[in-house]
Amino acid sequence: MPNADQNDILFERARAVIPGGVNSPVRAFRAVGGTPRFIRRAEGAYFWDANDKRYIDYIGSWGPMILGHGHPAVVEAVQKAVLEGFSYGAPTEREIELAEAILALVPSMEMVRLVSSGTEAAMSALRLARGATGRKHIIKFEGCYHGHADALLVKAGSGLATFGHPTSAGVPPEVTQHTLVLEYNNIAQLEEAFALHGNDIACLMIEAIAGNMNFVRATPEFAKRCRDLCTQHGALLVFDEVMTGFRVGLHGAQGVLGITPDLTVLGKVIGGGMPLAAFGGPRAIMEQLAPLGPVYQAGTLSGNPVATACGLATLKEIAKPGFYEALSKKTQSLVEGLKAAAAAEGQPFNADSEGGMFGFFLMNELPQNYATVMTTDNAKFNALFHGLLDRGVYIAPALYEAGFVSAAHSDEDIAATIEAARQIFKASQPR
Ligand SMILES: *Cc1c(COP(=O)(O)O)cnc(C)c1O
C-alpha cells in the first residue's frame, strides 16, 4: 500500500503500547480531532511527518526551540558533550557555567538549582516556598499551568477565594486543600484572598504572561498588586517562567513587566530542546535547600552534561545583541498579518505577542482570563487548525495553547502562513 498514511499506521501501533499513543496528552489531537503527525526529523523552522510532509513549525517543542531546529552551534556543542560522556552523577564545570549564564540574565536570582523538567522545578519551588516561610497555603490562578505536581492540579472551588478541587483522578482532596485558585487579572479576588488568608500564604505562583490559556498577559496593575500583597503579607512571589523565560525577552516576563519576583521557575528554552529546567532566587532562600538547609530536593540527571551543553549553547546565541528585536519583529509581522487577513474576510479575530511568543483568538477582544479564552468557538478553531495543517502549517492542536516563532522562521515562512490563514478565513462563513 504505497499510499497508506504512515501517521495512521504509526498511531495505531503507538496506541497499542502507549496510553493514547502519546507521551504527553495534548499531542494526541483529542481537542481538534484527527491523527497526530508523527515527526521524523526537523530542521530550522520546519519538521517533516511520517509521510515526509513538511510543516512550518509554530510549536517549537512547546517553546524550547527558539533558535529553530538543529542550530549548528548547538548541534556542535551537544556532539562534543556526548563524546565526553552522557551522565556522571557528580558535579561538572558546565553546570557552574550554565548557572552563571542564567544568573547574569535574570537579576532577581542570586542562586539557581538545575533540574530536569518544568514540573520538577515548579514542584521544588513550591516546597522551597513552604519550607522557607513555614506556611502551608499557596495561591495559583485558573488557566495557569505549573506542571503536573499534585498540589498544582487544581481548579477553582465554588465560592470566591475558596480552596480548590483536584483536576485529576489520583489527587486526594487533602493534597489540594491548601491551594487557593483565583481568577487571573481579578484584583478584588486577590485582595480578598490575602485579607482572609494572608498570614498563612507561603507563595503566590503565576505565569505573569500566561501561555497555557493561549496568550494572556497579567495587566501591569494586577502584576504589581501580586507583588505588593506578597511583600505586605510575607508571602513569596513565584514567577513560573518555564515558558516565558528567554522566550518573551532576554529577561523573561519579569523584565517585560518590571517586577522582581522572589523565586523564578525556568525550563523549556534553557534546555534548548533537552530535558533541563531550573528554579532560583535570593541566596537566603535558596540556601534553605539540601544539602545546606532542611528543604529536600535531588535528581539523578539534574545538571546533565549533555543537556547543560545544549542549554549553554542556546543561551549564548540568544544573548547576542539584536536577537530579541529581530525575533519580536518577526512575531509581530505574523500577528499583524493574521489580523489583517481576518479583518479583510470579516472574521472576528485578535492576536498579541511578546518576543517569540504569540496567541490569537477567534474573537474581537483580547481575553483577560481563562473563562473568556474558553468561550472560543471550538468548531471554528478546529477548522482553522486542520486547514493550516493541510497547508503545511503546524500550530498547537488546542485553542488554549500559545504559539512560538523561532529565529529560523523566514519572512517567506511568515508570509506563507498568513496566506494559508487568509484562504481559510475566506472559505469560512463570516459572522
Ligand atoms: C511547560 C510548563 C511547565 C511544565 O514543564 P514540563 O517540562 O513540561 O514539566 C510548567 N510551567 C509552565 C508555565 C509551562 O509552560
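What counts, and where the lines are drawn
Residues numbered from 1 in each chain as written. Predicted model: local features only at pLDDT ≥ 70, side-chain atom pairs only at ≥ 80, totals over all residues. Heavy atoms only, no water. Near = heavy atom within 4 Å. Polar contact = N/O pair within 3.5 Å; in protein donor to acceptor, adjacent residues only side chain to side chain. Areas by Shrake-Rupley, 256 points an atom, 1.4 Å probe, with all protein chains shown as cover. Nonpolar A, V, L, I, M, F, W, Y, C, P; charged D, E, K, R; others polar. Buried < 20%, exposed > 50% of the residue type's maximum accessible area, 1.4 Å probe, protein only. Helix = DSSP H or I, 4+ residues; strand = E, 2+ residues; numbered from the N terminus. Pairing = 2+ DSSP bridges. Right-handed = clockwise from strand over helix to strand, strands pointing away. Phe/Tyr/Trp six-rings, centres within 6.5 Å; stacked < 30°, edge-to-face > 60°. Lys NZ or Arg CZ within 6 Å of the ring centre and 35° of its normal. Core = buried A, V, L, I, M, F, W, Y, C linked by side-chain atoms within 4.5 Å. Contact = heavy atoms within 4.5 Å. Salt bridge = Lys/Arg side-chain N within 4 Å of Asp/Glu carboxyl O. Expected span 1.5 Å × (residues − 1). Arc of directions from axis to C-beta. Axes fitted to C-alpha atoms, helices over the stretch in contact; angles between N-to-C directions. Parallel < 35°, antiparallel > 145°, perpendicular 65-115°, else oblique.

Focus on the site of the ligand
Taken together, Ser-117, Gly-118, Thr-119, Tyr-145, His-146, Gly-147, Glu-207, Asn-212, Asp-240, Val-242, Met-243 and Lys-268 are the residues near the ligand. In the model, a nitrogen atom of the ligand is placed 3.1 Å from a nitrogen or oxygen of the Tyr-145 main chain. At a separation of 2.7 Å, a nitrogen atom of the ligand approaches a polar side-chain atom of Asp-240. For the ligand, whose free accessible area comes to 380 Å², the fraction covered by protein is 83%. Residue composition of the shell around the ligand, by class: three nonpolar, six polar and three charged.

What about the pairing of strand E13 (residues 263-266)?
Across the two faces of E13 the burial is the same, with Leu-263 and Val-265 and Thr-264 and Leu-266 all buried. Of the pairings in the sheet, the one linking strand E12 (residues 236-241) to E13 comprises four bridges and is parallel in character. Paired with Phe-239 across the bridge in E13 is Thr-264. Once you follow E12 into helix H8 (residues 252-257) and on to E13, the crossover reads as right-handed.

Describing the side chain of Gln-189
With respect to the helices, strands and loops of the structure, Gln-189 is situated in helix H6 (residues 187-197). According to the relative accessible area criterion, Gln-189 is buried, its value standing at 12%. A distance of 2.9 Å separates a polar side-chain atom of Gln-189 from the backbone nitrogen of Glu-183.

Some thoughts on the packing of aromatic side chains
Two aromatic rings, taken as a pair, are described by how far apart their centres are and by the angle between their planes. If you walk through the whole model with that rule in mind, you get 15 aromatic pairs. Aromatic pair Phe-29 and Phe-385: ring centres 5.2 Å apart, planes at 85°, arrangement edge-to-face. Pair noted here: Phe-29 is in the loop between helix H1 (6-17) and strand E1 (39-43) and Phe-385 is in helix H13 (residues 378-390), with a separation of 356 residues, a long-range link. Using a relative accessible area of 1% as the deciding quantity, one classes Phe-29 as buried. For the pair Phe-323 and Tyr-324, a centre-to-centre distance of 5.0 Å together with 80° between the ring planes defines the contact as edge-to-face. In terms of burial, Phe-323 and Tyr-324 fall into one category: buried. Cluster of aromatic residues (ring-pair linked, three or more members): Phe-29, Phe-47, Tyr-55, Phe-385 and Tyr-394. It is Arg-41 that lies over the ring of Trp-48; its NZ or CZ is 4.1 Å from the centre. Taking NZ or CZ as reference, Arg-54 lies 3.8 Å from the ring centre of Tyr-46, over its face.

Topic: the nonpolar core
Grouped together as the largest cluster of nonpolar side chains are 104 residues, with contacts concentrated most on Phe-141, Leu-204, Phe-246, Ile-318 and Phe-360. The contact partners of Leu-204, leaving out residues within four places of it in the chain, are Ile-139, Phe-141, Leu-190, Phe-194, Cys-226, Cys-230, Leu-236, Leu-237 and Val-238. Residues Leu-126, Val-238, Ala-277 and Val-295 belong to the second largest nonpolar core, which totals 24 residues.

Some details on the pattern of salt bridges
Applying the stated rule across the entire model yields 13 salt bridges. In this structure, Glu-84 engages Lys-80 in a salt bridge whose closest nitrogen and oxygen atoms are separated by 3.7 Å. Its salt-bridge partner being Glu-419, residue Arg-422 comes within 3.0 Å of it at the nearest N-O pair. A residue pair is termed a helical-turn pair when its members lie 3 or 4 positions apart in one helix, as Arg-422 and Glu-419 do in helix H14 (residues 411-427) at three residues. Accessibility expressed as a relative area gives 29% for Arg-422, which makes it partly exposed. If you follow the salt bridges from partner to partner, you end up with Lys-80, Glu-84 and Arg-94 in one network.

Some remarks on helix H2 (residues 72-83)
Relative to the 16 Å expected for 12 residues at 1.5 Å per residue, H2 spans 17 Å between its end C-alpha atoms, a close match to the ideal helical length. Every buried residue of H2 is listed here: Val-74, Val-78 and Ala-81. All buried residues of H2 lie within an arc of 65° about the axis, which places them on one face of the element. Facing away from the buried surface of H2 by more than 90 degrees, the exposed residues are Pro-72, Glu-76, Gln-79, Lys-80 and Leu-83. Buried-residue contacts for H2 involve helix H3 (93-105) and helix H10 (305-318).

Quick notes on the packing of H6 against helix H7 (residues 220-233)
H7 packs onto H6 with a crossing angle of 5° between their chain directions and a minimal axis gap of 10 Å. Classified by the angle their axes make, H6 and H7 are roughly parallel. Between H6, through Ile-187, Leu-190, Glu-191 and Phe-194, and H7, the contact on the second element is made entirely by Glu-221, Phe-222, Arg-225, Cys-226, Leu-229, Cys-230 and His-233. A class-by-class count of the residues in the contact of H6 with H7 yields seven nonpolar, one polar and three charged.

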